[in-house]
Amino acid sequence: MISVKNLTKDYTKADGNHIRVIEGLNYEIEKGEKIVIVGPSGSGKRTFLRCLNLLERPTAGQIFFDGEEITAKGTDINKVRQRMGMVFQNFNLFNNLTVMQNLTLAPVKLKVMNEKEAREKATELLKRVNLLDKADVYPASLSGGQKQRIAIVRSLCMNPEMMLFDEPTSALDPEMVGEVLDVMKQLAEDGMTMVVVTHEMGFAREVATKVLFMDEGILLEENTPEEFFEHPKTKRLQDFLSKVL
Amino acid sequence: MTISERFAAAFITGERWKLYISGLGITLEIALFAGILGIIIGTVAALMKLSTTEDGKPTILNYIASVYVDVIRGTPSVLQLLIMWFIVMASSNNGILVASLSFGINSGAYVSEIVRGGILAVDKGQMEAGRSLGLSKAKTMRYIVLPQAMKNVIPPLGNEFITLVKETAIVGYVSLSDLTRVANQIASRTYDAFMPLIGAAVIYFIVIKILTILLGKLERRMRRSDLR
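Residues numbered from 1 in each chain as written. Chains lettered and ligands numbered in written order. Predicted model: local features only at pLDDT ≥ 70, side-chain atom pairs only at ≥ 80, totals over all residues. Heavy atoms only, no water.

1. Some words on the overall build of chain A
Argument step 1. For chain A, the count of helices and strands is nine helices and ten strands.
Argument step 2. Against the globule reference of 18 Å for 245 residues, chain A gives a C-alpha radius of gyration of 18 Å, in line with a compact fold.
Argument step 3. Put simply, of all contacts in chain A between residues at least 6 apart along the chain, 65% involve residues at least 24 apart.
Argument step 4. Accessible surface for chain A amounts to roughly 10,500 Å². Of this, 46% is attributable to carbon and sulfur atoms.
Argument step 5. Taking the 32 positively charged and 36 negatively charged side chains of chain A as two groups, their mean positions are separated by 5 Å. (Helix = DSSP H or I, 4+ residues; strand = E, 2+ residues; numbered from the N terminus. Rg over C-alpha atoms; globule rule 2.2 N^0.38 Å. Contact = heavy atoms within 4.5 Å. Areas by Shrake-Rupley, 256 points an atom, 1.4 Å probe, with all protein chains shown as cover. Lys, Arg positive; Asp, Glu negative; His and termini not counted. Charge placed at Lys NZ, Arg CZ, Asp CG, Glu CD.)

2. A short note on the interface of chain A and chain B
Argument step 1. Between chain A and chain B, the residue contacts involve 27 residues of the former and 22 residues of the latter.
Argument step 2. Contact between chain A and chain B buries roughly 2,200 Å² in total, counting both sides, with carbon and sulfur atoms accounting for 57%.
Argument step 3. The largest contributions to the chain A side of the interface with chain B come from Phe94(A), Asn96(A) and Lys109(A), which together make up 23% of the buried area.
Argument step 4. Joining chain A to chain B, the criterion identifies one salt bridge.
Argument step 5. Here Glu128(B) ties to Arg50(A) by a salt bridge, and the two come within 2.6 Å at their closest N and O atoms.
Argument step 6. Across the contact surface, chain A and chain B share seven residue pairs in polar contact (both at pLDDT 80 or more).
Argument step 7. Looking at the side of chain A that touches chain B element by element, the count peaks at four residues for helix 2 (residues 77-82) of chain A. (Buried area = accessible area lost by both parts, 1.4 Å probe. Salt bridge = Lys/Arg side-chain N within 4 Å of Asp/Glu carboxyl O. Polar contact = N/O pair within 3.5 Å; in protein donor to acceptor, adjacent residues only side chain to side chain.)

3. Let's talk about the pairing of strand 9 (residues 210-215) of chain A
All names here are of chain A.
Argument step 1. With five of its six residues buried, strand 9 lies for the most part within the structure.
Argument step 2. With four bridges connecting them, strand 3 (residues 34-38) and strand 9 associate as parallel partners. Pairing of Val-36 across the sheet is with Val-211, part of strand 9.
Argument step 3. Here strand 9 runs beside strand 10 (residues 218-223); their pairing, made up of five bridges, is antiparallel. Directly across from Val-211, in strand 10, lies its bridge partner Asn-223.
Argument step 4. Remark: two residues form the turn of the hairpin made by strand 9 and strand 10, two consecutive strands paired antiparallel; Glu-216 in that turn has positive phi of roughly 50°. (Buried < 20%, exposed > 50% of the residue type's maximum accessible area, 1.4 Å probe, protein only. Pairing = 2+ DSSP bridges.)

4. Thoughts on the sheet that holds strand 8 (residues 193-197) of chain A
Residues and elements named next belong to chain A.
Argument step 1. Strand order in the open sheet formed by six strands is 6-7-8-3-9-10, with mixed pairing between adjacent strands. Either end of the sheet is taken by a strand with one partner, and the two such strands are strand 6 (84-87) and strand 10. Neighbour to neighbour, the strand axes of the sheet diverge by 20° on average, direction disregarded.
Argument step 2. Sitting on the sheet, helix 5 (residues 144-156) touches strand 6 and strand 7 (162-166), and the angle it makes with strand 6 is about 170°.
Argument step 3. Of the strands in this sheet, strand 3, strand 7 and strand 8 touch helix 6 (residues 174-189), which is tilted by about 145° from strand 8. (Axes fitted to C-alpha atoms, helices over the stretch in contact; angles between N-to-C directions.)

5. Brief notes about the packing of helix 2 (residues 17-50) of chain B against helix 5 (residues 95-120) of chain B
Residue and element names in this part refer to chain B.
Argument step 1. Put simply, helix 2 and helix 5 touch, their axes get as near as 5 Å, and they point 40° apart. As the angle between them shows, helix 2 and helix 5 are arranged oblique. The handedness of the crossing between helix 2 and helix 5 comes out as right-handed.
Argument step 2. Within the contact of helix 2 with helix 5, the residues separate by chemical class into 20 nonpolar, eight polar and four charged. (Parallel < 35°, antiparallel > 145°, perpendicular 65-115°, else oblique. Left-handed = near helix turned anticlockwise from the far one by under 90°. Nonpolar A, V, L, I, M, F, W, Y, C, P; charged D, E, K, R; others polar.)

6. Quick notes on the confidence of the model for chain B
If pLDDT is low for a region, its predicted coordinates should not be looked at in detail.
Argument step 1. Put simply, chain B has an average pLDDT of 92, and 97% of its residues get 70 or more.
Argument step 2. The ipTM assigned to the predicted complex is 0.92, against a pTM of 0.84. (pLDDT = per-residue confidence, 0-100.)

7. Describing the packing of aromatic side chains
Argument step 1. Counted under the stated rule, the structure contains four aromatic pairs over all chains.
Argument step 2. With 5.1 Å between their ring centres and 45° between their planes, Phe213(A) and Phe240(A) make a pair best called tilted. Of this pair, Phe213(A) sits in strand 9 while Phe240(A) is found in helix 9 (residues 235-244), placing the two residues 27 residues apart along the sequence. Comparing Phe213(A) with Phe240(A), the two get one shared label, buried.
Argument step 3. Between the aromatic rings of Phe7(B) and Phe11(B), the centroid separation amounts to 4.8 Å while the plane-to-plane angle is 45°, which identifies the pairing as tilted. (Phe/Tyr/Trp six-rings, centres within 6.5 Å; stacked < 30°, edge-to-face > 60°.)

8. Notes on the packing of helix 2 of chain B against helix 7 (residues 137-167) of chain B
Residues and elements named next belong to chain B.
Argument step 1. Closest axis-to-axis distance for the helix 2/helix 7 pair is 10 Å, and the angle between their directions is 140°. The angle between helix 2 and helix 7 places the two elements in the oblique class. Taken as a pair, helix 2 and helix 7 cross one another with a handedness that is right-handed. Across the interface between the two elements, Thr-27, Ala-31, Leu-32, Ala-34, Gly-35, Ile-39, Thr-43, Leu-47 and Leu-50 from helix 2 touch Lys-137, Met-141, Met-150, Leu-157, Phe-161, Leu-164 and Val-165 from helix 7.
Argument step 2. Of the residues contributing to the contact of helix 2 with helix 7, the split by class is twelve nonpolar, three polar and one charged.

9. Here's the deal with helix 9 (residues 194-222) of chain B
Residue and element names in this part refer to chain B.
Argument step 1. Under the 1.5 Å per step criterion, the end-to-end length of helix 9 is 42 Å for 29 residues, consistent within 8% with the ideal 42 Å.
Argument step 2. All buried positions along helix 9 are accounted for by Met-195, Pro-196, Gly-199, Ala-200, Tyr-204, Val-207, Ile-208, Leu-211 and Gly-216.
Argument step 3. Looking at the buried positions of helix 9, the neighbouring elements they touch are helix 1 (3-12), helix 2, helix 7 and helix 8 (179-190). (Expected span 1.5 Å × (residues − 1).)

10. Quick look at the pairing of strand 7 of chain A
All names here are of chain A.
Argument step 1. Across the five residues that make up strand 7, a large majority, five, are buried.
Argument step 2. A two-sided burial pattern is seen for strand 7, the buried positions comprising Met-162, Leu-164 and Asp-166 on one face and Met-163 and Phe-165 on the other.
Argument step 3. Here strand 6 pairs with strand 7 via four bridges, running parallel. Within the sheet, the bridge partner assigned to Gly-85 lies in strand 7 and is Met-163.
Argument step 4. Bridge count between strand 7 and strand 8: five bridges; the pairing is parallel.

Laid out in structure tokens, this is it:
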């Protein structure tokens, strides 16, 4: 479904020097897979995720989505993003819109659905995450866990073929992590293709089809969750796991 | 002359009060047109200044907007008005139009900086979220970022409009009879500056006080979505 070839990303610092955050990364993601990416901060894992929908422009390399090279010049990236939802660490719900408007804005403005269909879809999804009673409130009145569940639902309203999660539980109070992970697990069970950057090792172990370990911009290790957590191959991953588990 | 005689001379004799009202009318007319024009020009200039290519490089539009803001801020508004009246629009004898345009263009430069600040103050996650759903930059700007920026800019924009109302007092230079000029003319006709000038000052003050109250109301309404 997604094919990443030789992905490289450099940032230019204020002093004009370049730093390389991703170095020659290759990876294939199949339909229905749940990829969890872990790694220390500064490892490039978020940048990798954000390159997949081109929120970050790769410096070099190619990304293919269903055979189409999205990194090619002239690709309509907006069309690609309609099929690829994203959930952010800081929720990023639209503060000026009610929950219902948050959910229906994109489908309606992008003419994926009409107003009525979008509202029906939103209602159904809100029911599924038990937040239908919040349909007409503004995001400011919601808890973090509620915001993140709404943010997930907002992406789902576009009927995406895959979902990207950028540390979706890192900004939450501990007691709210569970409710968000539950929604994600449900989504995984429904067969959604998912790429998740997270520090929730339990989630990785339980849900992932593959776990990726990134360090200093390099995809260092990749394996099934059992092998990944029980038999880490590299010294670096062994160190990392001994600190986080 | 007694106080009441001076008051009568300044405001009542020959129905002079009507002159103040028509003067105030001209002041407000120019301020209103210029204010609206300023917001339009200012928003466009702010968007131009913030425009980048998809990979984040500045565009020619940045440059044009910067030059506009620099030129307007770098020259006195009286001079801009005179240039507009005697040079740019010398063929027009519609003073209100010329003054509205001149003040609108002037105000736009200040408004553009206000709007730019307001847009930059909106969390950039809002833009990213819109883009991640497949909305274009323009659509996300229009439906998400600008409405939130508007809330940020209402107080400084109100301030700018208040400045504008008072700044129109220089339209006497192009022989428009606004409130200030009317008061000045009556002062020279009655040989008594006190009553007409203080009177005009009081009128300005009341108008601006009313504006301030209305702006406060607007600001509270715009903050609705922040309420819990």
